[in-house]
Amino acid sequence: MQRILSIDIAKGITILLVIVAHAIPQERGGVREIIYSFHMPLFFILSAYVSKYSSNITEMWHRAVQIVKKLVPPTLLLWLVYAINSYVRDIDNYLSVSDFVVQKLLQLLYASGVNNSQLVILGGGNEEALGMPWFFAVLIESKIIYDVLQVYCKKHVLFIVVLLLTSAGVFLGEIYHFPLCGDVSIAVLFFLWVGHQMKDCR
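None of the values given here were measured: they were computed from a predicted structure.

*Asks:* Can you help me understand the overall build of the chain in this one?
*Replies:* Along the chain, the regular secondary structure elements total 9 helices and 0 strands. Counting helices and strands in the order they occur from the N terminus, the chain gives α-α-α-α-α-α-α-α-α. Looking at the chain as a whole, 38% of its 202 residues qualify as buried. Put simply, of all contacts in the chain between residues at least 6 apart along the chain, 66% involve residues at least 24 apart.

Here it is as structure tokens:
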């Protein structure tokens, strides 16, 4: 697909806004909250706009493999960098290397973070959010899920299914943070649908 200058500019602006939002102290709110209200939805809309979509089941499986090969390695690399940085910075807080490894693996599993009640079957505890790599986890899952849906669902049915899944993701996310950001991955399907429709109308 030929690069579109306006899309590249929009992506660049959104990346800058992410940096600005993370640089603003949380207690100040205001601008930070405004940026947080739209910058990730915009990322997913733009991602869907420039994506290719499968026309049959064979293409769908091939595309899923391509997405995994392309996005899983940088996700794991970022997670490893975060983990090493965390260990070096807070080395005194870990009783052993094995405790640290278990904690970071749980953090990778629950990329959006998880509280004590949700970890009760794993012995309790709180896991902080993974950090930036959570976005890759959601992007991988949501793009694969959306591609499957648009292959199997007719256009008018696709909107209804996406709307139901997005609503379910938002609702379930308030109750439980699913492994690998599963709740977020279905909650963002609506933004992928918007980007897909924009591409079709071009």
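*Asks:* Mind showing me how you'd approach helix α3 (residues 39-49) here?
*Replies:* An α-helix turns once per 3.6 residues; consequently, residues spaced three or four apart project the same way. Burial of α3 is extensive: 10 of the 11 residues sit out of reach of the surface. For α3, every residue scored as buried is listed here: H39, M40, P41, F43, F44, I45, L46, S47, A48 and Y49.

*Asks:* Please explain the packing of α3 against helix α6 (residues 134-152) as it appears in this structure.
*Replies:* Helix-helix packing is described using two parameters, namely the angle between the two axes and the distance between the axes. Relative orientation of the contacting elements α3 and α6 amounts to 40°, with a least axis distance of 12 Å. Here α3 is positioned oblique relative to α6, judged by the angle of their axes. Crossing hand, α3 versus α6: right-handed. Along its contact with α3, which presents M40, F43, F44 and S47, the element α6 presents W134, F135, V138, L139, S142 and K143.

The rules behind the values
Residues numbered from 1 in each chain as written. Predicted model: local features only at pLDDT ≥ 70, side-chain atom pairs only at ≥ 80, totals over all residues. Heavy atoms only, no water. Helix = DSSP H or I, 4+ residues; strand = E, 2+ residues; numbered from the N terminus. Buried < 20%, exposed > 50% of the residue type's maximum accessible area, 1.4 Å probe, protein only. Contact = heavy atoms within 4.5 Å. Axes fitted to C-alpha atoms, helices over the stretch in contact; angles between N-to-C directions. Parallel < 35°, antiparallel > 145°, perpendicular 65-115°, else oblique. Left-handed = near helix turned anticlockwise from the far one by under 90°.

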